[in-house]
Amino acid sequence: MPLKHSTETAYMFVLGLAICAAGIAAALLPAIPVGTKYWAILLTLSFLYPIGLTRTFKHNRADYEFRLLHWFPAGIFLLWYALQLIGPRIEIIRILALGFFFLWSLPLVALGIAFICIFAVHVLRRSRLRVTTLVVFLSLFTVGALYAEGTNLNPRLQAVVFPKNPPTFAAISAAFSSLRASLGLKSGTSGVLIAVTESSSSSASIASSRSKSAIAMASSQSSGISSSFRMPSSFSSSVSRSTIASLPPVIGDKNPGHLTKSGPEDVAVLGLTLLAGYFGLLHARAKKRV
């Protein structure tokens, strides 16, 4: 089934926006080797965009020209890297690179949108709406590029979008935690963990203080008892010998081998259980007969 006219129009508009975004990103990319990692990420995204639409275009039998146009953002990033590699060696290539990526890569963006407009006019499906909207996109893009160049906004945008030292995940988490602490917020799982930690630490400190006080009291009592009942060694030894002599012999000093039986044996219990079940079965049959 071919693409619907409205769906094809939406894909054209998305492609126009993707070309504009790719032009801005290529113009703001730092020179290699600093911008290599950012270029690799952008190139991967620009490849995933048309690859993700391949199945849809194939199922709906989209035009091959329209499928090929979706690779234009990837072509922008490939051209940027090639010019970055050859530009320092050849002067004319370096000047050409400056021209291609001047004003947010306006020449490349205008070329890509021109290709889309040519395709829209060729297929004759809602060509007026499509061409008008794409021209509006290009006009707004040109105004933004001129404003950024006139106000010297591009270096600040580059520092924000492609920082030379990107923050790590730990730095972002620390900044987020400090922001929440300054606002006095404790939300989600972290807040619960903090509350549990605080309560557990407080309860642990209370228990520790109580245990210390109990140990101190026990030691003081034991020292008082020992001091109050202190006797001469000769008297204590004579009392202990006479006490031991007067004690009767201990009977049953060995542990019993097994416990005494306090009820019927296991076999008897099993037999009684089976007998009760049998009588219950007879009673149930007799009730069914009645």
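Located above this text is the structure these notes cover.
Throughout what follows, the structure given in this document is the object of discussion. All figures in this text were calculated on a predicted structure; none of them were measured in a lab. (Residues numbered from 1 in each chain as written. Predicted model: local features only at pLDDT ≥ 70, side-chain atom pairs only at ≥ 80, totals over all residues. Heavy atoms only, no water.)

## Section: the overall build of the chain
Regarding its fold elements, the chain presents twelve helices and zero strands. Start at the N end of the chain and walk to the C end: the helices and strands fall as α-α-α-α-α-α-α-α-α-α-α-α. Burial statistics for the chain: of 290 residues in total, 22% are counted as buried. Here the analysis covers contacts within the chain between residues at least 6 apart in sequence; of these, 76% occur between residues at least 24 apart. (Helix = DSSP H or I, 4+ residues; strand = E, 2+ residues; numbered from the N terminus. Buried < 20%, exposed > 50% of the residue type's maximum accessible area, 1.4 Å probe, protein only. Contact = heavy atoms within 4.5 Å.)

## Here we look at a nonpolar patch on the surface
Side chains of Phe-47, Ile-51, Leu-68, Trp-71 and Leu-78 sit close together on the surface and give an oily, nonpolar patch of about 470 Å² of accessible area. Mapped onto the elements, Phe-47 comes out in helix α2 (residues 36–59). Taking the relative accessible area as the measure of exposure, Phe-47 reaches 31% and is therefore partly exposed. (Patch = residues over 30% accessible without salt bridge, like charges linked within 9 Å, V, L, I, M, F, W, Y side chains within 5 Å. Areas by Shrake-Rupley, 256 points an atom, 1.4 Å probe, with all protein chains shown as cover. Salt bridge = Lys/Arg side-chain N within 4 Å of Asp/Glu carboxyl O.)

## Some remarks on the side chain of Ser-46
On the secondary structure map, Ser-46 appears in helix α2. Exposure remark for Ser-46: the relative accessible area of 6% places this residue in the buried category. A distance of 2.7 Å separates a polar atom in the side chain of Ser-46 from the backbone oxygen of Leu-43. Excluding residues within four positions of it along the chain, Ser-46 makes contact with Pro-73, Ala-74 and Phe-77. (Polar contact = N/O pair within 3.5 Å; in protein donor to acceptor, adjacent residues only side chain to side chain.)

## Quick word on the pattern of salt bridges
Taken as a whole and assessed by the stated rule, the structure comprises two salt bridges. Of the charged contacts, one joins Arg-130 and Glu-8 as a salt bridge, the two residues approaching to 3.0 Å between their closest N and O atoms. Taken together, the residues span a long stretch of sequence, with Arg-130 in helix α7 (residues 127–150) and Glu-8 in helix α1 (residues 5–28) at a distance of 122 residues. Neither Arg-130 nor Glu-8 differs from the other in exposure class; each is buried. In this structure, the salt-bridge partner of Arg-94 is Glu-91, at a minimum N-O distance of 2.4 Å. Within this pair, Arg-94 and its partner Glu-91 are both found in helix α5 (residues 91–100), separated by three residues, close to a single helical turn.

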